[in-house]
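Commentary on secondary and tertiary structure
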Amino acid sequence: MTNLLLEAANLSKRFPNGVEALADLSFALNAGDFVSLLGPSGCGKSTALRLIAGLLPADAGTVTFPQSKQEMGFVFQEPTLMPWADALTNARLPLDLKHVARTEANDRAAAALARVGLNGFEHALPRELSGGMKMRVSIARALAAKPKLLLLDEPFAALDEITRAQLNDDLLRLWREAREPGEQNDESLTILFVTHSVAESCYLSERVLVLTPRPGRLAADIALPKQSERPSGFRLSPQFLECQFRVSAALGAAA
C-alpha cells in the first residue's frame, strides 16, 4: 500500500522574459521515496523544486499534499551561509525564524551538524570551512527543521569528484537512518534530488524522472533497483552500468 506524500499535476511556468520553463509537468511522490529529477541544463528542474516549495507561483497546475502540508527542507546549489555566523548559528536559522526556544534550537542544530559529520565544528565560520563542509552545514540547516520532504537542487555539482562521492554516501546514510525505527528516526524522509548527472541519479535514487529540454515535461519515469537490493560496491557493478544505460537512453529519446 502506497502512502502518497505529494502530487504535482500539470505544472506550467513561464517567466516574465518569455522563457517557458515547464509545461504540463505531472508526477507523484510517496513517503520515503528517493527520487531524482534529471534533465539537461535549463529544462526547468530547479523551477519545479521552487514551485513545490512555494518559492514561485505556478502559472497553471497544482501541488497538493494529500495528508497534510509537509515540513520541507531546501538545499540550494550554493551553501548560502551567513558569512558572519558560525556553523551552529547557520544551522539554527530555520528554527530561529520559527521562534523555537534557543536551548532547543541549539540542541537540534548541533545534532544536525553531528549527523552530517561536523561534530566539533559548531563554532567555525564559513571562511574556515572547505566547500564540502559548507555544503554539509547547508544540509544540516535543512535537517534541523526535521523535514518530511527534503528538496535538493544540484547541491554537489560544484564539488570535486571525491567530495561529491562522499556526500552522496552521506546523503544516502541520512535517508536510510530516517527509514529505520528509533528514538529520533521514527518517520520516513522523502527526497527529491535535482541533478544533470546520469551516474549520480542512478547511484542515489530508486526512481528517476527524466525531463525533456525546455519547456520541461515528463519524458520517462524509471524505477531502479531498491537500495536494499543493490550489491556491495554498486558503483563498480554491471547492475550500475545497466541502470545508467536505461536512464541515458531515456534522456537521449527525450532530446
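Please read these numbers as outputs of a predicted model, since none were measured by experiment. (Residues numbered from 1 in each chain as written. Predicted model: local features only at pLDDT ≥ 70, side-chain atom pairs only at ≥ 80, totals over all residues. Heavy atoms only, no water.)

**Brief notes about the overall build of the protein**
To keep things clear, this is the line we draw: Runs of H or I in DSSP of at least four residues are treated as helices and runs of E of at least two as strands, each being numbered from the N terminus. As defined in this context, the radius of gyration uses C-alpha atoms, and a globule is described by 2.2 Å times the residue total to the power 0.38. Under the scheme applied here, a residue whose accessible area is under 20% of the maximum for its type counts as buried, over 50% as exposed, and between as partly exposed, the area being computed with a 1.4 Å probe on protein chains only. Methods summary: accessible areas were calculated by the Shrake-Rupley approach with a probe of 1.4 Å, and residue burial reflects only the protein chains presented. The charge count includes Lys and Arg as positive and Asp and Glu as negative, but it does not include His or the ends of the chains. Charge positions are represented by NZ for Lys, CZ for Arg, CG for Asp and CD for Glu.
Assigned secondary structure in the protein consists of 7 helices and 9 strands. Against the globule reference of 18 Å for 255 residues, the protein gives a C-alpha radius of gyration of 18 Å, in line with a compact fold. For the protein, the spread of C-alpha atoms along the three principal axes comes to 50 × 45 × 40 Å. Sorting the 255 residues of the protein into buried and exposed places 51% on the buried side. Accessible surface for the protein amounts to roughly 12,000 Å². Of this, 52% is attributable to carbon and sulfur atoms. Of the charged side chains in the protein, 27 are positive and 29 negative; the average position of the first set lies 3 Å away from that of the second.

**Observations regarding the sheet that holds strand 2 (residues 20-30)**
Rules: We call two strands paired when DSSP finds no fewer than two bridges between them. Lines fitted to C-alpha atoms define the axes here, with helix axes fitted over just the stretch in contact, and angles between the N-to-C directions of these axes take values from 0 to 180 degrees.
Pairing in this open sheet of 3 strands is antiparallel, and the strands run 2-1-4 from one edge to the other. Across the chains shown, the open sheet's two edge strands, defined by having one partner strand only, are strand 2 and strand 4 (60-64). Neighbouring strand axes in the sheet, compared pairwise and without regard to direction, differ in orientation by 10 degrees on average. Bridging between strand 1 (residues 4-14) and strand 4 involves 4 bridges; their strand directions are antiparallel. By the bridge assignment for strand 4, Ser12 is matched with Ala60.

**Comments concerning the pairing of strand 7 (residues 190-195)**
Every other side chain in a regular strand lies on the same face of the sheet, so the side chains alternate between the two faces. Along strand 7, 6 of the 6 residues are buried, which leaves the element largely enclosed by surrounding structure. A two-sided burial pattern is seen for strand 7, the buried positions comprising Thr190, Leu192 and Val194 on one face and Ile191, Phe193 and Thr195 on the other. Note that strand 3 (residues 34-38) and strand 7 share 5 bridges and pair parallel. What sits directly across from Ser36, in strand 7, is Phe193. In terms of strand pairing, strand 6 (residues 149-153) meets strand 7 through 5 bridges, oriented parallel. Paired with Leu151 across the bridge in strand 7 is Leu192.

**Points about the sheet that holds strand 3**
We apply this condition: Note on contacts: a residue pair qualifies if any of its non-hydrogen atoms lie within 4.5 Å across the two residues.
The mixed open sheet is built from 6 strands, whose spatial order is 5-6-7-3-8-9. Each end of this open sheet is capped by a strand with a single partner; those strands are strand 5 (72-75) and strand 9 (218-223). The mean angle between the axes of side-by-side strands here comes to 15 degrees, regardless of whether they run parallel or antiparallel. Pairing of strand 3 with strand 8 (residues 207-211) involves 4 bridges; the strand directions are parallel. Residue pairing in the sheet places Ser36 in a bridge with Val208 of strand 8. Contacting strand 3, strand 6 and strand 7, helix 5 (residues 161-179) runs over the sheet at an angle of about 160 degrees to strand 7.

**A word on the pattern of salt bridges**
Formally: Just to be clear on terms, a salt bridge is a Lys or Arg side-chain nitrogen sitting within 4 Å of an Asp or Glu carboxyl oxygen.
Per the stated rule, a full pass over the model turns up 16 salt bridges. Here Arg14 ties to Glu20 by a salt bridge, and the two come within 3.5 Å at their closest N and O atoms. Relative accessible area serves as the criterion here: at 28%, Glu20 is assigned to the partly exposed category. Arg115 is the partner of Glu177 in a salt bridge, and the nearest nitrogen-oxygen pair spans 3.7 Å. Highlighted residues: Glu177 in helix 5 and Arg115 in helix 3 (residues 102-115), separated in sequence by 62 residues. Exposure remark for Glu177: the relative accessible area of 22% places this residue in the partly exposed category. Residue Arg115 is classed as partly exposed on the basis of its relative accessible area, which comes to 25%.

**Things to note about helix 4 (residues 131-144)**
Heads up, the condition is: Here a helix's expected span is defined as the number of its residues, less one, multiplied by 1.5 Å.
Between its first and last C-alpha atoms helix 4 spans 20 Å; for 14 residues at 1.5 Å apiece the expected length is 20 Å, and the two agree. Burial within helix 4 is extensive, with 12 of its 14 residues counted as buried. Considered for burial, the residues of helix 4 that qualify are Gly132, Met133, Met135, Arg136, Val137, Ser138, Ile139, Ala140, Arg141, Ala142, Leu143 and Ala144. Check the buried side of helix 4 and you find it contacts strand 5, helix 2 (87-97), helix 3, strand 6 and helix 5. One or two residues past the end of helix 4 sits Lys146, with phi positive at roughly 55 degrees.

**Concerning the state of the cysteines**
Every disulfide links exactly two cysteines, by a covalent bond between their sulfur atoms. Convention followed: Put simply, a disulfide is two cysteine sulfurs that come within 2.5 Å.
Per the stated rule, a full pass over the model turns up 0 disulfides. The closest cysteine sulfur to the non-disulfide-bonded Cys202 is located on Cys243, 5.4 Å from its own sulfur.

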